[in-house]
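If you want the building blocks of each chain, they are given just below.
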Amino acid sequence: MGARGELFTTQVYLDNRSYFFNVKENRTGDVFLQIVESKNRDGAEADRHQIAVFSEDMQKFLQGMDKSLEFIEKDRKARQKAAREKRAAKDAKYAKGSGDGKKMYRVKTDKKSNAKADDGIKRTGRIHVVSKKPQTED
């Protein structure tokens, strides 16, 4: 037995967090799992949080963990399915207008690059009719 009753330890390192899974034995001989999360903060002392699960409660703990993981997996699959359906609907919408199966995409353009010479006529998108008086010779 190691220091402080440690029987086994393993570590998992993530971006700015570390998880330690320690199997320990207390003074009365009870074996338990200690899970410690250590989160690094910018230049300050790390935040540490821990939980302990005793061996007689381990099955219930694992059942709860399994249910949670199943929910996460189902939710992930449902989100992927919804994203695929949304993408398919969007593809169908843009391909709907052309009969040859080609996809049409709207391309955003820069207004400055398409700007015409300023001729003093305000263009609003409507058709403008300009009538000119016939010139008479005097």
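A brief structural summary. None of these values were measured; they are calculated from a predicted model.

1. Remarks on the pairing of strand E1 (residues 6–13)
Pairing between E1 and strand E2 (residues 17–25): seven bridges, direction antiparallel. Residue Tyr13 lies in a different strand from E2, and its bridge partner there is Ser18. Linking two consecutive strands that pair antiparallel, namely E1 and E2, is a turn of three residues.

2. Description of a nonpolar patch on the surface
Among the surface-exposed residues, Leu62, Met65, Leu69, Phe71 and Ile72 lie close enough to one another that they form a single nonpolar patch of about 500 Å² accessible area. Looking at the secondary structure, you find Met65 in helix H1 (residues 58–95). Judged by its relative accessible area of 38%, Met65 is partly exposed.

3. Observations concerning the side chain of Gln34
Relative to the helices and strands, Gln34 is located in strand E3 (residues 31–39). Residue Gln34 is classed as buried on the basis of its relative accessible area of 10%. Within polar-contact distance, the side chain of Gln34 engages the side chain of Lys24 at 3.0 Å. Residues within four places of Gln34 in sequence aside, it is in contact with Phe20, Phe21, Asn22, Lys24, Gln50, Ile51 and Ala52.

Analysis parameters
- Residue numbers run consecutively from 1 along every chain, following the written order of its sequence.
- Local features in this predicted model are restricted to residues of pLDDT 70 or higher, and side-chain atom pairs are both shown and tallied only at a pLDDT of 80 or more, whereas totals for entire chains, interfaces and linings draw on every residue.
- Derived side-chain values reflect all non-hydrogen atoms in the structure, with water molecules and hydrogen atoms excluded from consideration.
- For two strands to pair, DSSP has to find at least two bridges joining them.
- Secondary structure elements follow DSSP: runs of H or I of four or more residues count as helices, runs of E of two or more count as strands, with numbering from the N terminus.
- The patch calculation keeps residues exceeding 30% relative accessible area without a salt bridge and links them within 9 Å when they carry like charges or within 5 Å when they are nonpolar (Val, Leu, Ile, Met, Phe, Trp, Tyr).
- Accessible areas in this description were obtained via Shrake-Rupley with a 1.4 Å probe; residue shielding takes into account the shown protein chains only.
- What counts as a salt bridge is simple: a side-chain nitrogen of Lys or Arg found within 4 Å of a carboxyl oxygen of Asp or Glu.
- Throughout this description, buried means an accessible area under 20% of the type-specific maximum (1.4 Å probe, protein chains only), exposed means over 50%, and partly exposed covers the range between.
- Two N or O atoms form a polar contact when they lie within 3.5 Å of each other; inside protein one atom must be a possible hydrogen donor and the other a possible acceptor, and for residues adjacent in sequence the pair counts only when both atoms belong to side chains.
- Here, two residues are considered to be in contact whenever any of their heavy atoms come within 4.5 Å of each other.

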